[in-house]
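Commentary on secondary and tertiary structure
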Amino acid sequence: MAGAEDGPGQQPEVDEDEAAYSRRWGAQHAGARELAALYSPGKRFQEWCCVVLCFSLIAHNTVHLLLLAHWEHTPLVMLGVVAGALIADFLSGLVHWGADTWGSVELPIVGKAFIRPFREHHIDPTAITRHDFIETNGDNCLVTLLPLLNMAYKFRTQSPEVLEQLYPWECFIFCLIIFGTFTNQIHKWSHTYFGLPRWVVLLQDWHVILPRKHHRIHHVSPHETYFCITTGWLNYPLEKMGFWRRLEDIIQGLTGEKPRADDMKWAQKIK
């Protein structure tokens with residue numbers, strides 16, 4: 001387990017099954033090829049629709065927030081930005097941990113559509129760097145559509161007086177949405193070592209968004225720590241608390257399911 005932010009620390013001894021995690025054959029891995037082939041035209045269409053709708057709503061809501069802005073809102077807006085980043089980081093960790101640890105690609109609907117990319121990522125970590133903007137961000141755009149629609153509805157139906165009172169709260173929600181929408185893009189950047197824009201590298205170096213070195217800790221076998229992938233700010237405190245391990249113990253005790261069993265199965269595929 002990782003005990004410090006600047007390195008993975010001592011790792012627990014692993015059995016023969018867990019040793020399969022260290023065999024990363026990238027795009028040539030049998031499991032990676034099979035998982036990549038499950039990316040369907042229907043899934044692609046869903047991602048396109050979500051990205052177009054999401055960024056249209058982001059543009060619409062940004063304009064309305066700018067029109068309502070006043071200097072006196074600045075302290076609460078700044079607080080909202082920080083709170084939004086923290087909560088988005090925790091939610092990214094919760095989703096990442098859940099999809100990495102539980103479930104199966106064979107599950108109806110969600111298996112191929114949403115769990116498949118997590119399985120592919122561990123046996124071909126650089127696959128995400130070959131995904132275009134639509135494939136990278138489509139699922140996150142789907143998740144943020146409802147809050148964006150709700151915000152747009154408020155701008156259309158609420159009076160200026162009510163919107164003035166709600167403004168700090170709506171800015172917090174909007175920042176949470178923005179960080180959530182771009183979480184997988186940030187994750188992709190953490191795996192990209194060449195050709196990143198200078199401003200992205202600076203944000204990583206300042207740890208405003210997930211740094212590349214920081215995220216490498218998660219990819220140490222057997223992928224059981226440092227799940228937060230928006231900013232990574234919460235990874236170290238959650239690790240020190242044993243947060244994910246305690247959750248896994250509770251769920252395994254209640255269900256008998258072994259954490260990361262499906263992930264292990266795909267890692268072991270050799271033909």
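Residues numbered from 1 in each chain as written. Predicted model: local features only at pLDDT ≥ 70, side-chain atom pairs only at ≥ 80, totals over all residues. Heavy atoms only, no water.

As recorded in an unreviewed UniProt entry, the protein chain goes by the name Plasmanylethanolamine desaturase 1, listed as coming from Monodon monoceros. Check the Sequence similarities (unreviewed entry) section of the UniProt entry for the protein chain; it says "Belongs to the fatty acid desaturase CarF family." (UniProt positions renumbered as here; feature names shortened; annotations may be inferred.)

Structural notes on the pattern of salt bridges
Tallying each qualifying case throughout the model produces eight salt bridges. Among the ionic pairs, R116 bridges to E120, the shortest N-O distance being 3.2 Å. Of this pair, R116 and E120 both sit in helix α4 (residues 110-123), four residues apart, roughly one helical turn. Under the relative-accessibility criterion, R116 is labelled buried at 3%. Take E120: its relative accessible area is 6%, and that puts it in the buried class. Three or more residues are tied together by salt bridges with common partners; here these are E224, E248 and R260. (Salt bridge = Lys/Arg side-chain N within 4 Å of Asp/Glu carboxyl O. Helix = DSSP H or I, 4+ residues; strand = E, 2+ residues; numbered from the N terminus. Buried < 20%, exposed > 50% of the residue type's maximum accessible area, 1.4 Å probe, protein only.)

Some thoughts on the layout of surface pockets
Of the volumes computed, that of the largest pocket is approximately 820 Å³. Forming the boundary of the largest pocket are 31 residues, of which V95, F118, D139, N140 and N184 lie nearest the centre. For the lining of the largest pocket, the leading source of residues is helix α5 (residues 133-157), giving seven residues. For the lining of the largest pocket, the per-class residue count stands at 14 nonpolar, 11 polar and six charged. (1 Å grid on protein atoms, 1.4 Å probe; cavity = no way out; pocket = protein on both sides within 12 Å on 5 of 7 lines; lining within 4 Å. Points joined across faces, edges and corners; volume = space filled by probe spheres on them. Nonpolar A, V, L, I, M, F, W, Y, C, P; charged D, E, K, R; others polar.)

A few points about the nonpolar core
The biggest cluster of nonpolar side chains holds 25 residues, and the ones touching the most others in it are C54, L65, L148, M151, F155 and F174. Of all elements in the fold, only α2 (41-68), α3 (74-101), α5 and α6 (160-181) reach the threshold of two or more residues within this core. Leaving out residues up to four positions away in the same chain, L65 has contacts with F155, Y167, E170, C171 and F174. I186, V200, L210 and I229 belong to the second-largest nonpolar core, a separate cluster that totals eight residues. (Core = buried A, V, L, I, M, F, W, Y, C linked by side-chain atoms within 4.5 Å. Contact = heavy atoms within 4.5 Å.)

A short note on the packing of α5 against α6
At a closest axis distance of 9 Å, the pairing of α5 and α6 adopts a crossing angle of 170 degrees. Our classification of the angle between α5 and α6 gives roughly antiparallel. On the side of α5, the interface is formed by N137, N140, C141, T144, P147, L148, M151, K154 and F155, while α6 contributes L163, E170, I173, F174, I177, G180 and T181. Looking at the contact of α5 with α6 residue by residue, the class counts come to nine nonpolar, five polar and two charged. (Axes fitted to C-alpha atoms, helices over the stretch in contact; angles between N-to-C directions. Parallel < 35°, antiparallel > 145°, perpendicular 65-115°, else oblique.)

Overview of the packing of aromatic side chains
Evaluation of the coordinates by the stated rule reveals 10 aromatic pairs. Look at F55 and F182: their rings are 5.7 Å apart centre to centre, the planes differ by 80 degrees, and that puts the pair in the edge-to-face class. Here F55, found in helix α2, pairs with F182, found in the loop between α6 and α7 (183-190); they are 127 residues apart in sequence, far enough to count as distant. A relative accessible area of 26% means that F55 is categorised as partly exposed. Exposure remark for F182: the relative accessible area of 26% places this residue in the partly exposed category. (Phe/Tyr/Trp six-rings, centres within 6.5 Å; stacked < 30°, edge-to-face > 60°.)

A few points about the packing of α2 against α5
Two elements in contact, α2 and α5, have axes whose closest approach is 6 Å; the angle formed by their N-to-C orientations is 40 degrees. Between α2 and α5, the angle is such that the two are oblique. α5 is crossed by α2, and the crossing has left-handed handedness. Residues of the contact of α2 with α5, tallied by class, amount to 20 nonpolar, seven polar and six charged. (Left-handed = near helix turned anticlockwise from the far one by under 90°.)

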